[in-house]
Amino acid sequence: IANNSLVGVFVVDNNNEGAPFAPEKLRIISELADMAAAGILAGLNIQRQIGKNSIQDYFLSNMNSGIISISPEKTIVSFNKQAENILGMDAQQLYGKSVQALPAEIREKLLLALLKENTLDKEHLYLFSHNIPISVSSFQIKSDNNQVLGAAILFTDLSSRYHAGY
């Protein structure tokens, strides 16, 4: 829900084995829901080209994944709290700055997504500048009439999972 409107529904059907979902599967479902919500909200944020919206800010700052979005001019237009935590960067200092201010791995994925329409493919990368493994999904954001509004990237720090043996 954003601006008193439903922006998406994440439906989970029964486990194909007929048993309750295992904790690992529930964690994956939760991550997918976070990413879907973040993508929708990032798109709305870019599309409206307005200042901070309290509902969007709440969701963006309380999700488990980092999200960064850029404009077609390659400037940073959103950078949530989890992105700050993972990357150790201050969002307020990055708003309106060039995508060049971001770590190379994040920057490359955003620029690729901006230049070509792609699907929300999830992949694992190693963020060398921060010495952490991350799960990344990037995508192009378009308006209803197919105008490119920007690109966004969703990412999660996988350090704790790697140390726990996942």
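Note that the structure is predicted; figures quoted are calculated from it, not measured.

Draft legend 1. Spatial organisation of the overall build of the chain. In terms of helices and strands, the chain carries six helices and five strands. Element order for the chain, N to C, with α for helix and β for strand: α-α-β-β-α-α-α-β-β-β-α. Burial status across the chain gives 42% buried among its 166 residues. The contacts in the chain between residues at least 6 apart in sequence include a share of 47% that link residues at least 24 apart. Within the structure as shown, the chain displays about 9300 Å² of accessible surface, and the carbon and sulfur contribution to it stands at 53%.

Draft legend 2. Focus on the nonpolar core. One finds Ile-68, Phe-79, Leu-102, Ile-106, Leu-110 and Phe-155 to be the most contacted residues of the largest nonpolar core, which totals 23 residues. Every element with two or more residues in this core is listed here: β1 (66-70), β2 (76-79), α3 (81-87), α4 (91-94), α5 (104-115), β4 (132-142) and β5 (148-157). When residues of this core are assigned to their parent elements, the largest contribution, five residues, is made by α5. Once residues within four sequence positions are removed from consideration, Phe-155 is found in contact with Ser-65, Gly-66, Ile-67, Ile-68, Ala-83, Ile-86, Leu-87, Ile-106, Ile-134, Ser-135 and Val-136. Counting residues in hydrophobic clusters, the runner-up holds 10 residues, among them Met-63, Ile-67, Phe-139 and Ala-152.

Draft legend 3. Just the pairing of β4, in detail. Counting buried positions over the 11 residues of β4 gives 10, a clear majority of the element. With six bridges joining them, strand β3 (residues 122-127) and β4 adopt antiparallel strand pairing. When the sheet's bridge partners are listed, Lys-122 is paired in β4 with Ser-137. Two successive antiparallel strands, β3 and β4, enclose a turn made up of four residues, where Asn-131 displays a positive phi of approximately 60°.

Calculation notes
Residues numbered from 1 in each chain as written. Predicted model: local features only at pLDDT ≥ 70, side-chain atom pairs only at ≥ 80, totals over all residues. Heavy atoms only, no water. Helix = DSSP H or I, 4+ residues; strand = E, 2+ residues; numbered from the N terminus. Buried < 20%, exposed > 50% of the residue type's maximum accessible area, 1.4 Å probe, protein only. Contact = heavy atoms within 4.5 Å. Areas by Shrake-Rupley, 256 points an atom, 1.4 Å probe, with all protein chains shown as cover. Core = buried A, V, L, I, M, F, W, Y, C linked by side-chain atoms within 4.5 Å. Pairing = 2+ DSSP bridges.

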